[in-house]
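Report on the structure
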Amino acid sequence: VNGGIQRLVDKRSGAVIVENAPALEYAVERPHGMTAWSIDNTGPTEYPQMTAIRRTLDGPFKAAIEVDVTIHESNFTLTYEVHAGDPRLYVGIKGVWFQRGTPQTGVPALSVALPLNLREATGRYEIPFGAIDRSWNEGEEVPALRWAQVTGKADGKTAGCLLANDSKYGHSLDGSTLRLTLIRSSYDPDILPEIGQHEIHLAILPFTGELPVAEAIHVGQDINHVLRPVGTDVHKGKLPAEAQFIHITGNVCLSAVKKAEEGNAIIVRLFNPTEKPATA
């Protein structure tokens, strides 16, 4: 009906992580001051209406479907995509937002919600060069860089879900439901800051057991720094058909590769995202 996720299963363990997730949620914050900086309580939640669904990819490496949804005057297309050998579900959100906030009507807001099939849910959020665990789970919005992770118990086992994205930062955990704010039509100081086209990309990774911080950071890097294939003609060359530039072992992350300002050296910057010593 609303184009959401009916069921998301971690096939490696069989754990059902997400059930009956709406595609998007729409709500209006009550009028208040400094709407570009502060968030207030919202009214009832509304869900978009699905208007069309179609399959776009059905190959051995990628499969995808597109879903058209509408909410009031705004229209979006959601693309759900899976890749062979990849446990992540990729979600693309693209459309036109027409909802306007005013001091009389409040602040319209659009978010994505993942009701997780978890007990004792706790949140972890990416910060520069690491992550922080937060105990808040009553809907308080907190900042994160590229991902938020929720861990809890499913069928007596430790399990969870990681939500990575390429452009949004406001996350909240309400019980076991993780939300990511996509658009807020604040009205001061700018009266029309969000009306227009929007494009957002998400990656949802269900997991069983503990997800190391370094692995979560890699997922965030993947969706924000996508490999870009380049096609050329067929020609001779000295380089092999396959090559590896950098190989890293240990619980560390790569944050930068650059050419030295003097000489022909290459500078590689690594960091340890945890408080424990690591050998790389």
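Residues numbered from 1 in each chain as written. Predicted model: local features only at pLDDT ≥ 70, side-chain atom pairs only at ≥ 80, totals over all residues. Heavy atoms only, no water.

**What about the pairing of strand 14 (residues 170–174)?**
Of all 5 residues that make up strand 14, 4 are buried, and the element is covered over most of its length. Pairing of strand 14 with strand 15 (residues 177–184) involves 4 bridges; the strand directions are antiparallel. Residue pairing across strands places Ser172 opposite Arg179, the latter belonging to strand 15. Hairpin geometry of strand 14 and strand 15 is characterised by an intervening segment of 2 residues between the two adjacent antiparallel strands and by a positive phi of about 70° at Gly175. (Buried < 20%, exposed > 50% of the residue type's maximum accessible area, 1.4 Å probe, protein only. Helix = DSSP H or I, 4+ residues; strand = E, 2+ residues; numbered from the N terminus. Pairing = 2+ DSSP bridges.)

**Quick notes on the pairing of strand 9 (residues 119–127)**
Successive residues of a regular strand alternate their side chains across the two faces of the sheet. The pairing of strand 9 with strand 12 (residues 147–154) spans 5 bridges and is antiparallel. Looking at the pairing, Arg119 lines up with Lys153 of strand 12. Relative to strand 10 (residues 130–134), strand 9 is paired through 5 bridges, and the arrangement is antiparallel. Its bridge partner being in strand 10, Gly123 is matched across the sheet by Arg134. Hairpin connection, strand 9 to strand 10: the antiparallel pair is bridged by 2 residues, and Phe129 has positive phi, about 65°.

**A few points about the nonpolar core**
Ranked by size, the top nonpolar core spans 42 residues in total, and within it Leu24, Ile93, Leu114, Leu116, Leu182 and Ile204 carry the most contacts. Look past the residues within four positions of Leu116 in its chain and what remains in contact with it is Ile17, Val18, Val150, Cys161, Ser176, Thr177 and Leu178. Membership of the second largest hydrophobic core comes to 16 residues, among which are Leu162, Ala203, Ala216 and Ile223. (Core = buried A, V, L, I, M, F, W, Y, C linked by side-chain atoms within 4.5 Å. Contact = heavy atoms within 4.5 Å.)

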